[in-house]
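What the coordinates show
So you can see what is in the structure, the chains are spelled out below.
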Amino acid sequence: MQKCGAIFLPAGGYRSQYLLHDTGFQGYYWSSNSYGESDAIHLMFSWDYVLPRNVINVSLGYSVRLVKDV
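Residues numbered from 1 in each chain as written. Predicted model: local features only at pLDDT ≥ 70, side-chain atom pairs only at ≥ 80, totals over all residues. Heavy atoms only, no water.

A closer look at the overall build of the protein
When you go through the protein residue by residue, the secondary structure sums to zero helices and five strands. Seen through its C-alpha atoms, the protein measures out along the principal axes to roughly 35 × 25 × 20 Å. A burial count over the protein gives 23% of its 70 residues as buried. Excluding contacts between residues fewer than 6 apart, the proportion of contacts in the protein whose partners are at least 24 apart in sequence is 26%. Carbon and sulfur atoms form 56% of the exposed surface of the protein, whose accessible area is close to 5,700 Å². Taken together, the 5 basic and 5 acidic charged side chains of the protein have centroids lying 15 Å from each other. (Helix = DSSP H or I, 4+ residues; strand = E, 2+ residues; numbered from the N terminus. Buried < 20%, exposed > 50% of the residue type's maximum accessible area, 1.4 Å probe, protein only. Contact = heavy atoms within 4.5 Å. Areas by Shrake-Rupley, 256 points an atom, 1.4 Å probe, with all protein chains shown as cover. Lys, Arg positive; Asp, Glu negative; His and termini not counted. Charge placed at Lys NZ, Arg CZ, Asp CG, Glu CD.)

So, in C-alpha cells, the structure goes:
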C-alpha cells in the first residue's frame, strides 16, 4: 500500500505538560499552518471519526510526521 501512496499515522496520543493522553486510541498531528500567534491547525483522529482542520494551542505535544506529495 505504501508503494501506492498510502500514509500510515499511528495513534500516538499527545503530551500535556508531563503526562501522555490517549496513547493507542487517538492520533494528533500538527500541520505546517499556524493560526495566529499561539495556535496551529492539527489533524485529530480516532477509530470512529476524523477532525481534519481543528485549531488548538501549540503548547500541547502533538506529533509531527513529514509527508511528501507524490
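Here we look at the packing of aromatic side chains
If you walk through the whole model with that rule in mind, you get five aromatic pairs. Ring geometry for tyrosine 29 against phenylalanine 45: centres 6.2 Å apart, planes inclined by 5 degrees, an arrangement best described as stacked. Of this pair, tyrosine 29 sits in strand 3 (residues 27-34) while phenylalanine 45 sits in strand 4 (residues 39-45); the two residues are 16 residues apart in sequence, bridging distant segments of the chain. In this pair, the class of tyrosine 29 matches that of phenylalanine 45, namely buried. Ring geometry for tryptophan 30 and tyrosine 62: centres 4.6 Å apart, planes at 25 degrees, overall stacked. In this pair, tryptophan 30 is assigned in strand 3 and tyrosine 62 in the segment after strand 5 (50-57), connecting sequence segments 32 residues apart. Each member of the pair, tryptophan 30 as well as tyrosine 62, is classed as buried. (Phe/Tyr/Trp six-rings, centres within 6.5 Å; stacked < 30°, edge-to-face > 60°.)

Describing the sheet that holds strand 4
Spatially, 3-4-5 is the arrangement adopted by the three strands of the open sheet, whose pairing is antiparallel. Pairing within the sheet leaves two strands with one partner each, and these edge strands are strand 3 and strand 5. Across the sheet, the mean angle separating the axes of adjacent strands is 35 degrees when strand polarity is ignored. In terms of strand pairing, strand 4 meets strand 5 through six bridges, oriented antiparallel. Each residue of the ladder has a partner; that of phenylalanine 45, found in strand 5, is valine 50. (Pairing = 2+ DSSP bridges. Axes fitted to C-alpha atoms, helices over the stretch in contact; angles between N-to-C directions.)

Note that all results are geometric; they support no functional claim without further evidence.
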